[in-house]
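# Coordinate analysis (summary)
This is what each chain is made of:
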Amino acid sequence: VSAAITRRAFVQVMAAAGGGLALGVRTAGARGAAAPGFHPSVWLGIDRQGTIVARVGKSEMGQGVRTSLPMILAEELDADLASVTIEQASPGPGFDALGTGGSGSLMRSWDALRQAGAAARQMLVAAAAQRLGVAAGALETDAGFVRHPPSGRRLSYGELAADAARQPVPERPALKPRASFRLIGRPVKRLDGPDLVTGRARFGLDVRPRGLLRALVARPPRLGAKLVSFDAAAAKRVRGVRRVIEIPSGVAVVADDTWAALKGREALRLVWSDSPHASFDSDEHLRGLEEAVARPGITIRKDGAGRAALAGAARRLEAVYLYPFGAHASVEPVSCTALVERRRCTIWSPSQTPNAVQRLATELLGLPASAVKVHVTLLGGGFGRRLGVDFDREALEVARRVAGTPVQLVWSREDDMRHGYFQAASAHRLAAGIDAAGRVVAWEHRKASTPHNARRVPTDEEKRSPDSVRGWAWGVYDSPYHVPAAEMSYAVVDAPVPIGPWRSVFSPSSVFAREGFVDEIAVATGKDPLRLRLELLGAGDPSVPAIYTIDGEKIDRARLRRVLETVAEKAGWGTPPRPGTARGLACNVFHTETYIAYVVEVALRRGAGAADLPFSVERVVCAMDCGLVVNPAGVAQQVESGVLWSLSNMKSAITVRSGAIVEGTYQEFPVAMIHETPAVIETHLVDSGDERPHGIGEPVVCPLAPAVASALSRLTGKRVRRLPVRAADLA
Amino acid sequence: MPRRDLTINGKRHRVDVADDMPLLWLLRDVLGLTGTKYGCGAGQCGACVVLEDGAAVRACLVTVGEAAGKSYTTIEGLSADGSHPIQRAWLEEDVAQCGYCQPGMMLELAALLSRPAAPSAADVDRALSDHVCRCGSYPRIRRAALRAARSGGGR
């Protein structure tokens, strides 16, 4: 993500209801609005009571944007954080790029929110200077007041809001230097906590417009099967069932309540065609991926002599790593509520991509965008699943057939698990050439997997183009390590399974394989895994470039070294581990922006339940350099979240048999539970003086699993190269 | 289809729905108490836990027919203003991420903490061992549970 896109912004006064101050900020990089006039991408209002409202377009799905974004605004505005509320932006002119994903909420909102706060503060000060008859330079701002220290007089922002609206808008509002921050960088608890602990918070399934009907859809049991015929007679006899409607994705049962819709769906008699993918099996697919990495794929990075250098090395190591399909498995299944009326449509969606929802409605219903209102609700977990609009499409297909009545399209747990899109399975083959002195002189990483195909299937040309292929090989092509000869490649292996974004997208499997293999090299060469990594990052070797540049973005190896040194120090790396435990280490640079390392202490868990992890992670130490930290409390939450997500990746998998997704419940796809939670998870932030915030929610996932796998290999002598981990793998 | 009487958060309700309807859907779809969450409908995730005469039950596994005559507490009844010791502990430990699974977690703990003996960390893990939080808020749930227990836990 290029920061330059969002850096320039401009501010205008907007009409304010009730005579307060309203400012719009339009970032120069935002996509052009079709409508003429000024359409801001962030809107800030201060009313006469001093209530501050920021309308922003980031969806809250647990990452804490409803806390961290107000912090940025309150900082530049010198407002009391408690007086700032966030209003969820709906798609519209200006609000034309509302997506939430890629761990980018903070970095993409940073400039506009600062500009808005700084401009408003300057205008409030100018209004106060006029009112008090003093120079603006004699005034200070603090906690929602403009103060005049010499006289002790003060005016609240509410009192000044109307006058401030008549002040000229500063062309370049002065932003605070980092050293002057009072709020940013201090831990702040979730501002929306009270709503979440009282049941007041409204998620997608909690939308309750008057007269709401519920709908469930019966979908094909096997990939690609089609509806041949159906008999709805029994379904229609279920009390509360109103309609049974065929839609493109299946047969919808519309009822007064969810229970009636569930029973009605069960009573449907459905005839499906054979699946064109009836022979598809995920185990066979994994074997196919393994075969694919027996040969090099499309080269996406080549340093020095590339793979050719392997042949000349004194010693060669090789390993294959396998990673399964995965599901998002948010506790709130996807849903969408829609009301289609004559010439207009209202949608309530727990969406990460509300503009796409609006576009979809305009296309399906033939309405102009101005007639489609999309309200974004809270999301009961997102993780990339809600970047899809398949559930919105179903809601609209049903709602248009019961026009005038709102319909909530509900997915059951099984629907959510089996009919979503998935993290792609992958195979990785790594090879290293070691010279007589034990140095790594050659490196090869081949990945075979399936790119996203749920929304659009890549063309054959894209599958062959190094530029597009590289975009599917995060964690492979952007390895931070310096090896004089290195070659990375990727081979597309198609699968009939829908594949789409997932937390950390293409990275988890790549980092699991790469970091696990680095640990294998350490063992084979008798080196300490920390020392080996520091060497590969150029410690003490001036011939290794400090900066690795790829696609115009820079990886600073010194930053990753500092993170590794920090995590080692905090974890007591090098001291003997407690009896019965072993330590493991892994690191990563996510998207060339966030530098992170984990050290874990792991013990075996004998007699663990069949569904439980066969080991326990007792302590996790994380060191991270994620640039400027807005809310350290939020960062610590996300580290804990990433640890548990990654442990789930070591525990559960989606499998496919005869073209059908097998797992439909939490028993079949068991995610990490409280009794598998490490007793200690520590976060240590490393400050490199970076002036900008970077992503956190995805970077925290990747290096945890390989650190655990490395510890397991110390404990058992067994190298975990395939997930999920079963007890038998460690025996 | 007989009418059924039951008490929710201290208020008596007479309902006229299918006897086999799970309490979950009565609460959410008929009575509009959306704080009780749907996560699986099969007793595997714990998002719908409510108190039945003080004991934790999964609202997706209790039918309206079975619920007749009984008294239930949902998250809305724990306290509307967040003043219950478990709610306060939740805020102090900054537990919630997306927050969706939390009502079920809190009510499970309310049942645990209503017992005479203060729970150990292992008791907390056992009580919540079949509650799913996909965001991974477990470390803070543990801390909040023990904090609430120390403050009396609502007994």
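Just so we're clear, the structure is a prediction, and the values are computed from it rather than from any experiment.

## Focus on the interface of chain B and chain A
- With 52 residues of chain B in contact, the opposing surface of chain A contributes 61 residues.
- Summed over the shared surface of chain B and chain A, the number is seven salt bridges.
- Close ionic contact of aspartate 29 of chain B with arginine 208 of chain A constitutes a salt bridge, the shortest N to O distance being 3.4 Å.
- Counting across the interface, chain B meets chain A through 33 residue pairs in polar contact (both at pLDDT 80 or more).
- For the side of chain B that touches chain A, the secondary structure elements donating two or more residues are helix H1 (23-30), helix H3 (75-78), helix H4 (85-92) and helix H7 (138-150) of chain B.
- Its residues placed into classes, the side of chain B that touches chain A shows 25 nonpolar, 12 polar and 15 charged.

## Comments concerning the packing of aromatic side chains
Residue and element names in this part refer to chain A.
- According to the stated counting rule, one finds 11 aromatic pairs over all chains in the structure shown.
- Judged by centre distance (5.8 Å) and plane angle (85°), the ring pair of tyrosine 321 and phenylalanine 512 falls under edge-to-face. One end of the pair, tyrosine 321, is in strand S15 (residues 315-323); the other, phenylalanine 512, is in helix H14 (residues 507-525), and 191 residues separate them in sequence.
- Exposure remark for tyrosine 321: the relative accessible area of 1% places this residue in the buried category.

## Some remarks on the packing of helix H5 (residues 102-113) of chain B against H7 of chain B
Residues and elements named next belong to chain B.
- As a packed pair, H5 and H7 sit with axes 11 Å apart at the nearest point and diverge in direction by 35°. Crossing of H5 over H7 shows right-handed handedness. Across the interface between the two elements, Gln102, Met105, Leu109 and Leu113 from H5 touch Tyr138, Ile141, Ala145, Ala148 and Ala149 from H7.
- Of the residues contributing to the contact of H5 with H7, the split by class is eight nonpolar, one polar and no charged.

## Description of the pattern of salt bridges
Residue and element names in this part refer to chain A.
- Summed over all chains, the structure comprises 69 salt bridges over all chains.
- Measuring nitrogen to oxygen at the nearest pair gives 3.3 Å for the salt bridge that ties aspartate 142 to arginine 182. Taken together, the residues span a long stretch of sequence, with aspartate 142 in strand S6 (residues 140-142) and arginine 182 in the loop between helix H4 (157-164) and helix H5 (193-198) at a distance of 40 residues.
- For aspartate 142, a relative accessible area of 28% corresponds to the partly exposed category.
- Each of Glu75, Asp78, Asp142, Arg147, Lys176 and Arg182 takes part in salt bridges that share partners, so that together they form one network.

## Remarks on the confidence of the model for chain B
- Confidence along chain B averages 96 in pLDDT terms, with 97% of residues attaining 70 or more.
- Here the predicted complex carries an ipTM of 0.98, next to a pTM of 0.96.

## Describing the pairing of strand S7 (residues 145-148) of chain A
All names here are of chain A.
- Only one face of S7 is buried: it carries Val146 and His148, and the other face, with Phe145 and Arg147, is open.
- Connecting S6 to the antiparallel partner S7 that follows it, the hairpin turn spans two residues, and alanine 143 within it adopts a positive phi of roughly 50°.
- Both S7 and strand S8 (residues 153-156) contribute to a ladder of four bridges, which runs antiparallel. Bridge pairing in S8 links arginine 147 to arginine 154.
- With antiparallel pairing between neighbouring strands as the criterion, S7 and S8 make up a hairpin whose turn holds four residues, including glycine 152 at a positive phi of roughly 75°.

## Topic: the environment of phenylalanine 181 of chain A
All names here are of chain A.
- Along the chain, the position of phenylalanine 181 falls in the loop between H4 and H5.
- Residues phenylalanine 181 and glutamate 76, 105 residues apart in the sequence, show an inter-C-alpha distance of 8.3 Å.
- The contacts of phenylalanine 181, once residues within four sequence positions are left out, are Glu75, Glu76, Trp110, Arg114, Lys176 and Leu628.

## Notes on the nonpolar core
- Ranked by size, the top nonpolar core spans 202 residues in total, and within it Tyr598, Phe615, Leu647 and Val708 of chain A together with Leu23 and Trp90 of chain B carry the most contacts.
- Ranked by the residues each element gives to this core, the list is headed by H5 of chain B, at eight residues.
- The residues touching leucine 647 of chain A, leaving out its near neighbours within four places in the chain, are Leu613, Phe615, Val617, Ala672, Glu676, Pro678, Leu704 and Val708 of chain A.
- Core analysis: the next-biggest nonpolar cluster, separate from the first, contains 48 residues, Val25, Val42, Leu73 and Leu77 of chain A among them.

## Here's the deal with the packing of helix H2 (residues 65-77) of chain A against helix H3 (residues 105-132) of chain A
Residues and elements named next belong to chain A.
- For the pair H2 and H3, the least separation of the axes is 7 Å and the interaxial angle reads 35°. Classified by chirality, the crossing of H3 by H2 is right-handed. Of the residues in H3, those touching H2 at Val65, Ser68, Leu69, Ile72, Leu73, Glu76 and Leu77 are Ser105, Leu106, Ser109, Trp110, Leu113, Arg114, Ala116, Gly117, Ala118, Ala120, Arg121 and Leu124.
- The class makeup of the residues in the contact of H2 with H3 is 12 nonpolar, four polar and three charged.

## Brief notes about unusual backbone geometry
- Each neighbour pair has its own omega, and for leucine 723 of chain A with proline 724 of chain A the value is -5°, a cis peptide bond.
- Within the secondary structure layout, proline 724 of chain A lies in the loop between helix H18 (704-716) and helix H19 (727-730).
- Here the phi dihedral of valine 505 of chain A falls at roughly 50°; this positive angle occurs in a residue that is not glycine.
- Its location among the elements puts valine 505 of chain A in the loop between strand S22 (485-492) and H14.
- The residue aspartate 94 of chain B is not glycine, and still its phi comes out positive at about 55°.
- By the element assignment, aspartate 94 of chain B lies in the loop between H4 and H5.
- With relative accessibility at 7%, the residue aspartate 94 of chain B sits in the buried group.

## Description of the sheet that holds S15 of chain A
All names here are of chain A.
- Strand order in the open sheet formed by five strands is S14-S22-S21-S20-S15, and the pairing between neighbours is mixed. Every other strand in the sheet has two partners, leaving strand S14 (298-303) and S15 as the edge strands with one partner each. Each strand axis lies, on average, 10° off the axis of its neighbour in the sheet, ignoring direction.
- The pairing of strand S20 (residues 426-434) with strand S21 (residues 440-449) spans nine bridges and is classified as antiparallel. Each bridged residue has a counterpart across the sheet, and for alanine 431 the counterpart in S21 is glutamate 444.

## Things to note about empty space enclosed by the protein
Residue and element names in this part refer to chain A.
- Tallied over the full model, the rule gives seven cavities of 30 Å³ or more.
- Estimated volume of the largest cavity: approximately 90 Å³.
- Per-class residue counts for the lining of the largest cavity are seven nonpolar, seven polar and one charged.
- Quantified by volume, the second largest cavity comes out at close to 60 Å³.
- In terms of lining, the second largest cavity is formed by Tyr323, Pro324, Phe325, Gly326, Gln423, Trp502, Ser648, Asn649, Ser652 and Phe669.

## A look at helix H8 (residues 282-292) of chain A
All names here are of chain A.
- When we look at burial in H8, the residues that qualify are Ser282, His285, Leu286, Leu289 and Ala292. Along the axis of H8, the buried residues cluster in a sector spanning 115°; they form a single face.
- Looking at the buried residues of H8, the elements they touch are S15, S20, S21 and strand S28 (656-657).

Criteria and thresholds
- Residues numbered from 1 in each chain as written.
- Chains lettered and ligands numbered in written order.
- Predicted model: local features only at pLDDT ≥ 70, side-chain atom pairs only at ≥ 80, totals over all residues.
- Heavy atoms only, no water.
- Contact = heavy atoms within 4.5 Å.
- Salt bridge = Lys/Arg side-chain N within 4 Å of Asp/Glu carboxyl O.
- Polar contact = N/O pair within 3.5 Å; in protein donor to acceptor, adjacent residues only side chain to side chain.
- Helix = DSSP H or I, 4+ residues; strand = E, 2+ residues; numbered from the N terminus.
- Nonpolar A, V, L, I, M, F, W, Y, C, P; charged D, E, K, R; others polar.
- Phe/Tyr/Trp six-rings, centres within 6.5 Å; stacked < 30°, edge-to-face > 60°.
- Buried < 20%, exposed > 50% of the residue type's maximum accessible area, 1.4 Å probe, protein only.
- Axes fitted to C-alpha atoms, helices over the stretch in contact; angles between N-to-C directions.
- Left-handed = near helix turned anticlockwise from the far one by under 90°.
- pLDDT = per-residue confidence, 0-100.
- Pairing = 2+ DSSP bridges.
- Core = buried A, V, L, I, M, F, W, Y, C linked by side-chain atoms within 4.5 Å.
- 1 Å grid on protein atoms, 1.4 Å probe; cavity = no way out; pocket = protein on both sides within 12 Å on 5 of 7 lines; lining within 4 Å.
- Points joined across faces, edges and corners; volume = space filled by probe spheres on them.
- Arc of directions from axis to C-beta.

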